[in-house]
Amino acid sequence: MAKTSKLTGGLYVTTVLVATVVIAVLVNIIAGRLFGRVDLTEANLNTLSQASRDAVRGFDDLEVTLYISPDFPETIRDEAGQPRVMRDVAQAFRDKIEEYRSYANGSMTVREADGDIVEQAKKANLRAFSGEEATAKEGRLEFKQYVLGATFHYKDAMEVFPLGLYPEHYEFEITRLLTRLHDKVEHAGEMEDLLSAGKALDEAVQACDKALADAAPSEDDGGANPFGLLTADVAEKRVGAYQTAASDIQKACDGLTPALATAKARQGQHPALDSLIYMADAFAQTFAQFQQALAATEAEQKQQALQLVENLHAIKGEVVAEAKNLADSPGRKSIGFICAGDAFCPFPDDTPLVPPELAPVLGQKNPFAQQVVQQLGLMQDRINQVLGGVERNLFRRQGFDIAKVDLDKPVPTTVGGLVLFGARSALTEHQLYQLDQYVLGGGSLVVFLNPWDVRVLNVTPKGEMTDTGMTKNSSNIGELLATWGIAPDGGLVAEKTDHDVLNVLSVVRQGQLAWQTQRQFPYPLLPVFHDMATESPLVRAIASLTLPWVEGLKLTDAPGRTVTPLIRSTASALSVSDPSFPLEPTAQLAQVAGATGEGPFVVAATVTGELPSHFAGKDAPPAPASEGDDKGEAKAEPAVKPQRRDKGEGRVLVIGSNLGLEPLSQGTIFKGFDLAALTNGSFEIIDQFQQWRANLQNWEVRLSQIQHTLNDNIQFLFNALDWSIQQEALVEIRSKQYQRRPLQQLDEGQQSIIKVAATVGAPLLFILLGLIGLAVRRGRRRRLIASMSGGSKA
Amino acid sequence: MADAVRNVSAIAKRELAFYFGSPIAYVAVTVFLAICGVYLFVVYDFFDGNQATIRPLIEQIPLFFILYIPAVTMRLLSEEKRAGTIELLVTWPVTDTQIVVGKYLGALGILAVTLVMSLVFPLIVGSLGDLDGGLVAGGYLGLFLLGAAYAAMGLLTSTWTQNQIIAFILAVLLCTFFYAIDTMVGSVWESARDAFAALSMKAHFANIARGVIDTRDLVFYATFIVVSLVAAVQSLQTRNWK
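Residues numbered from 1 in each chain as written. Chains lettered and ligands numbered in written order. Predicted model: local features only at pLDDT ≥ 70, side-chain atom pairs only at ≥ 80, totals over all residues. Heavy atoms only, no water.

> Explain the pairing of strand E2 (residues 62-68) of chain A here, please?
For a regular strand, side-chain orientation follows a simple rule: the groups alternate between the two sheet faces. All names here are of chain A. When you tally the buried positions in E2, you get 6 out of 7 residues, the bulk of the element. The sheet contact formed by E2 and strand E5 (residues 108-112) spans 5 bridges and is parallel. Bridge pairing links Leu66 to Glu112 in E5. Sheet topology note: the E2/strand E8 (residues 148-154) ladder contains 6 bridges and is antiparallel. The residue of E8 that forms the bridge with Leu66 is Ala150. (Buried < 20%, exposed > 50% of the residue type's maximum accessible area, 1.4 Å probe, protein only. Helix = DSSP H or I, 4+ residues; strand = E, 2+ residues; numbered from the N terminus. Pairing = 2+ DSSP bridges.)

> Whenever I open this one, the packing of helix H1 (residues 6-33) of chain A against helix H14 (residues 215-237) of chain B confuses me. Can you help?
Two numbers describe a pair of packed helices, the interaxial angle and the distance between the axes. In the contact formed by H1 of chain A and H14 of chain B, the axes pass within 9 Å of each other and the chain directions differ by 175°. Between H1 of chain A and H14 of chain B, the crossing angle belongs to the class labelled roughly antiparallel. On the side of H1 of chain A, the interface is formed by Tyr12, Val13, Val16, Leu17, Thr20, Val21, Ala24, Val27, Asn28, Ala31 and Gly32 of chain A, while H14 of chain B contributes Arg216, Val219, Phe220, Thr223, Val227, Val230, Ala231, Gln234 and Gln237 of chain B. Residue classes in the contact of H1 of chain A with H14 of chain B are distributed as 13 nonpolar, 6 polar and 1 charged. (Axes fitted to C-alpha atoms, helices over the stretch in contact; angles between N-to-C directions. Parallel < 35°, antiparallel > 145°, perpendicular 65-115°, else oblique. Contact = heavy atoms within 4.5 Å. Nonpolar A, V, L, I, M, F, W, Y, C, P; charged D, E, K, R; others polar.)

> What is the right way to look at the sheet that holds E8 of chain A in this model?
Each strand in a sheet pairs with another by means of backbone hydrogen bonds, the pair being arranged parallel or else antiparallel. All names here are of chain A. Across the sheet, 4 strands lie side by side as E5-E2-E8-E9; this open sheet has mixed pairing. Where the open sheet ends on each side, the last strands, each with one partner, are E5 and strand E9 (157-161). On average, adjacent strands in this sheet sit at an angle of 20° to one another, irrespective of strand direction. Sitting on the sheet, helix H3 (residues 89-102) is in contact with E2, E5, E8 and E9, with an inclination near 175° to E2.

> Mind showing me how you'd approach the state of the cysteines here?
Disulfide: a covalent bond connecting the sulfur atoms of a pair of cysteines. Residues and elements named next belong to chain A. For the coordinates displayed, the defined rule picks out 2 disulfides over all chains. The disulfide bridge from Cys208 ends at Cys253, spanning 1.9 Å between sulfur atoms. Between Cys208 and Cys253, the disulfide has an S-S torsion of 90° and is therefore right-handed. Highlighted residues: Cys208 in helix H6 (residues 192-215) and Cys253 in helix H8 (residues 246-253), separated in sequence by 45 residues. The class for Cys253 is buried, based on a relative accessible area of 4%. The partner cysteine of Cys339 in its disulfide is Cys345, sulfur to sulfur 1.8 Å. In this structure, the disulfide formed by Cys339 and Cys345 twists by about 70° around the S-S bond and is classed as right-handed. Taking the relative accessible area as the measure of exposure, Cys345 reaches 9% and is therefore buried. The connectivity of the disulfides in chain A is 1-2, 3-4, where the numbers refer to bonded cysteines in sequence order. (Disulfide = S-S within 2.5 Å.)

This is the structure in structure tokens:
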């Protein structure tokens, strides 16, 4: 072969390599612009679902602004303090938005914010998060902040994706926001005058507040001292500034009164507008007080004006929040929680059991009463804290807009679906009638049953953990459900083998020492279900579910309606309706083991289609007397409505369990509370108080017994809530992101066999194949040699 | 053209015959399978996760490949150079390109056999639960592409030296560099990380491993392999320089 010189060869090689690399880069750039994707996963986990594609196609000019910190951190600490790798998260967010854009048929534009992104994002109501990088500033550590989110703009409306740290949730969140944005714009016309009245009021308050802020900016006088107090000089200077600018302030605030009047003319038409009016009214009244204080001659009153300005700034913040709430309200459907029949009602109730002004008087009559009132206040705080936490964390932070529904009044039109969660006692006939008519009017109802009060090991009023037994609750919702083809059968489902464990608090004694510990016991009354209706998005992605204290359902089909069983027990399950059924874990296991299976039982089902009225052929029950009736001011009107329906299209979902969320409310804890008994000086109040305290402790004990089952159940609860407001599309997307693929349950011996087979067996198998190959080759060679030597002999 | 195909195929078969005619392939594949099994069932503790998935293993194999593939490719041309058989090879009517492609296909054969043998893990997991077949298919395609890119780099380094160990070490360094280039560059030059992510094997593998076949990733691997093989051909031709 001809040799080339190093120079020529080097030049040639360099040219070829550079050309190849350039071509490769160009090909990659072109491929980056013209790309295609195929999702191989069975549930199309990485592809936008049809619902998401439809959602983005519903806009004619959607603008998206991305807020992504350029120097995204490598890792952050999550809520549990664990490091979370963030490397590809920003790219995943961009990719997901890009995917939506590709389905938007050119009607979606995406731009990325630049400049001070964190500051801009905060202004757009995005949430910043801290990385692990920190700098020392004025003696304290300041963690660097980052943002990852987007705003979606359509016409005059906007939705915010505040923080996108979890790629697996992107599709659910973005589609939810797009659906919401579309609804908001579509329904804005229906309440145009309310929105413009609200906007005018908001602008009037902001203009007034700005005039106040501009009149005496806090930075001009050095501001407050480190304790937040103003020195006399500074205070005087500020008051002087307000007095000088009084006419400008008055001019800026002139718009407040007419805007308030216009809004008040529409009061009662929308709860969000009412809240805004309430806050704006408070602003107007405070402003009037401020003007009076400023005009006063006494120095003390003038000082008061400064405090009133602080109040005005704070109220303005509330007004802005309420105005935003109103602007967001068109088309918003909330989920109504029925607060009746001792059902779970996740709303704090701030009304004190004992009016504060009465407490000192009670103390004079009965020295114990004052202590009891104090303790009741603490218990009330605890209940409100729990309920507030549930409302905020379990529902609102997950994007559910929930509302308290009083069935004695008409169901508000903003309620998209009703939930009756674990009612323990009976609803009134009128409440049942309201529910009946709501469903027949096309509404959705989700019912979580709570058939039995199961006391595995409850605390007695004396503080002993000896109260045990089961009692049937007196809820009558089953009568209504039976009319629609889903009748609770009255028994609790017990699974012989497929059951969860119960956490039991027990006291361990060793010599003089005694301590409390939690022990777990297999418990048939906590059945685990695997048989889910795969055609229903409500349960198809849930591999297994533990439904504590669950009641079986008897389903009846009828022409025009579709009854669908969602979850079934095994055939070996039992139905327990004997109050003497053993609750002690070992005894329960023994009893269940010897019994014959009676299953399968359906424990969750839906019914849709034409449903008959439970009150067909009967007189409509009268509405309860309103407060005015007590005073003899008005007579109760019968609840016979002209639009009364004897049948109608509705949808109902029934779950035979309360998912382990025992109802908590002041009504259930302070059962039998009577203010009069407290005031009459009776010492029986002590016994009653002990009972109430035990009620609260028992709620906590019961929750701790089955708390471990809640995680999977909450997923199911969210699906049910989405179903209630007819957002099955979101249920589908949620189901997709939470696909679980559990393994067969194997004992440790079987697991060890598989481990050995995989780690040793697979390599040995390959060696065996090699040895067989070797033997074959040797045999072939031997035969070849033999034939050759035989041939040569011949 | 037909001659070229015949030549390439002859060289590839010769390579495969060498590997499987000696204990090399059996030892390598056996060790690889044992490591995978230990990782999935002991280190990762598969049963504790209670999920019918082999994604943790698929995400780990690229790291195992950083040692495995260079071990397979280190002798491809360096051994020929050391033994002088490269000169014998070029006396055949074959071009340098055909030699490189033939050798490369031989290495891909080993890679394919390795991956086929490792299918035993998805089979075991599939027998224990509902395994997502699409995810496995995507994962294996990703592993094949990644392994092919490593093999191209391994082949390239084996053209640089007569010493197999040096070829192995260089290939390991090169594979590691291109696997985590974004992380490595990002740790010293934060703002350049995103730019270098486009060259990162790991970033492109992540998409495929979650079951998404994206043409951008396929093009990346294809161009990476082509550039490496062109470089290998050019490197081989340097022996003709005066």
